[in-house]
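Residue-level structure breakdown
Take a look at the letters that make up each chain.
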Amino acid sequence: MALRPVHVIIKALDASAVGRFWAEALGWSAYSTGVATYVGPVGGLVWPHPVAVGIDVVPVPEPRTTTKNRVHLDLATTSAAHQAELVARLKALGATPADVGQGNVPWTVLADPEGNEFCVLEPREIYRDTGPIAAVVVDCADPRAMARFWGEAMDWTLHEVADDQAVLRSAKGVGPYLEFVRTPDVKTVPDRVHLDLLPYPGDDRAAEVARLRALGATDLDVGQGDVPWTCLADPEGHEFCVLAPS
């Protein structure tokens, strides 16, 4: 039994506009899926995608607070020229510079049109084969504890675990990394960005949810009502959902 991350949820006042931004940013396509906008690789909607972790932008009535998101995306680049070109193109699409206390660093911190922070990384060899999303990054207090929980929750491989960072990636060695980074701040508001996990065909969602609870996940009520997915929080309170296999 195991779960796989299938997309990153981004909550937005204008899901269509934010979806278009991320499609342009990644060189992917935006697909209308009812009220939400799904962003995935070009070539037609494939879900779950065998390699990529997509983005699902869902509309919400509440505007984003000024508190820094505890989950964000890092974008990969292949050269210094590519990084500079991508930053310029993203600003033209509506991204704005963001100061999260990063200081003098070789990457560029931006925010999407609704203020969700993300980073455009300098070229790094480790991200040469990830596709446009290098990593999904989660701020946390204890990367080792997060590695224990998420390493058991998912079928991804643990690549690194230390006091300051834990890193996982698909066992197939494809797609983005999932990184837990120690930060001094604590979670104070609901996550604007979170992961959705999916059981494999033939696995039982209820059994998977029970397994996650045994690992330390807790039930979460975000006003979802009667829906075919289960909302949970990890041991540090980061929201995530377990979807129903289709």
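Summary of the structure given here. (Residues numbered from 1 in each chain as written. Predicted model: local features only at pLDDT ≥ 70, side-chain atom pairs only at ≥ 80, totals over all residues. Heavy atoms only, no water.)

**Observations concerning the overall build of the protein**
Broken down by element type, the protein carries 4 helices and 16 strands. The C-alpha atoms of the protein give a radius of gyration of 17 Å, which matches the 18 Å a tight globule of 246 residues would have. Over its C-alpha atoms, taken along the principal directions, the protein stretches across nearly 50 × 40 × 35 Å. When each of the 246 residues of the protein is scored for burial, the buried share is 48%. For the protein, contacts bridging at least 24 residues in sequence account for 63% of all contacts bridging at least 6. Carbon and sulfur atoms provide 56% of the accessible area of the protein, an area that totals close to 11100 Å². (Helix = DSSP H or I, 4+ residues; strand = E, 2+ residues; numbered from the N terminus. Rg over C-alpha atoms; globule rule 2.2 N^0.38 Å. Buried < 20%, exposed > 50% of the residue type's maximum accessible area, 1.4 Å probe, protein only. Contact = heavy atoms within 4.5 Å. Areas by Shrake-Rupley, 256 points an atom, 1.4 Å probe, with all protein chains shown as cover.)

**Some words on the pattern of salt bridges**
Per the stated rule, a full pass over the model turns up 12 salt bridges. Close ionic contact of Lys 187 with Glu 239 constitutes a salt bridge, the shortest N to O distance being 3.4 Å. Pair noted here: Lys 187 is in the loop between β12 (177-182) and β13 (193-199) and Glu 239 is in strand β16 (residues 239-242), with a separation of 52 residues, a long-range link. For Lys 187, a relative accessible area of 26% puts it in the partly exposed group. Ionic pairing is found between Arg 213 and Asp 219, a salt bridge with its closest N-O pair at 2.7 Å. (Salt bridge = Lys/Arg side-chain N within 4 Å of Asp/Glu carboxyl O.)

**Considering unusual backbone geometry**
In this structure, the amide linkage connecting Trp 47 to the following residue, Pro 48, adopts the cis form with an omega of -5 degrees. With respect to the helices and strands, the residue Pro 48 is situated in the loop between β3 (36-40) and β4 (54-59).

**Some words on the side chain of Arg 64**
Of note, Arg 64 is situated in the loop between β4 and β5 (71-75). Within the local environment of Arg 64, its side chain forms a polar contact with the backbone oxygen of Thr 67, the two atoms lying 3.1 Å apart. Looking at Arg 64, its side chain comes within polar contact range of the main-chain oxygen of Gly 115, at 3.3 Å. Excluding its chain neighbours within four sequence positions, the residues that come into contact with Arg 64 are Asn 69, Glu 114, Gly 115, Asn 116, Glu 117 and Arg 192. (Polar contact = N/O pair within 3.5 Å; in protein donor to acceptor, adjacent residues only side chain to side chain.)

**A word on the sheet that holds strand β8 (residues 117-120)**
Whether parallel or antiparallel, the strands of a sheet pair through hydrogen bonds between backbone atoms. The strand order across the open sheet formed by 8 strands is β6-β7-β8-β5-β9-β12-β11-β10, and the pairing between neighbours is mixed. Strands at the two margins of the open sheet, each flanked by one partner only, are β6 (96-97) and β10 (157-161). Inspection of the sheet shows strand β11 (residues 165-169) paired to β12 by 5 bridges, in the antiparallel sense. Bridge assignment links Val 167 to a residue of β12, and that residue is Glu 179. (Pairing = 2+ DSSP bridges.)

**Some points on the packing of helix α3 (residues 143-153) against helix α4 (residues 205-215)**
Helix-helix packing is characterised by the crossing angle of the two axes and by the distance between the axes. Contact geometry for α3 and α4: axes closest at 10 Å, N-to-C directions at 165 degrees. Regarding the angle of α3 to α4, the classification is roughly antiparallel. You can see that α3 and α4 cross each other, and the crossing is right-handed. On α4, the residues touching Phe 149, Glu 152 and Ala 153 of α3 are Arg 211, Leu 212 and Leu 215. Looking at the contact of α3 with α4, its residues break down into 4 nonpolar, no polar and 2 charged. (Axes fitted to C-alpha atoms, helices over the stretch in contact; angles between N-to-C directions. Parallel < 35°, antiparallel > 145°, perpendicular 65-115°, else oblique. Left-handed = near helix turned anticlockwise from the far one by under 90°. Nonpolar A, V, L, I, M, F, W, Y, C, P; charged D, E, K, R; others polar.)

**Comments concerning the environment of Ala 217**
The topology assignment puts Ala 217 in the loop between α4 and β14 (218-219). In this structure, the C-alpha to C-alpha distance between Ala 217 and Leu 232, residues 15 residues apart in sequence, is 6.3 Å. Aside from chain neighbours lying at most four places away, what touches Ala 217 is Phe 149, Leu 212, Leu 232, Ala 233 and Phe 240.

**Overview of the nonpolar core**
Residues Trp 22, Leu 90, Trp 150 and Leu 178 are the most contacted members of the largest nonpolar core, which totals 51 residues. Here this core takes 7 residues from helix α1 (residues 15-26), the largest share from any one element. Beyond its immediate sequence surroundings of up to four residues, Trp 150 is in contact with Leu 168, Leu 178, Phe 180, Leu 195, Leu 197, Asp 234 and Phe 240. Residues Val 109, Cys 119, Leu 121 and Tyr 177 belong to the second largest nonpolar core, which totals 12 residues. (Core = buried A, V, L, I, M, F, W, Y, C linked by side-chain atoms within 4.5 Å.)

Remember that the coordinates give geometry; whether it matters functionally is a separate question.
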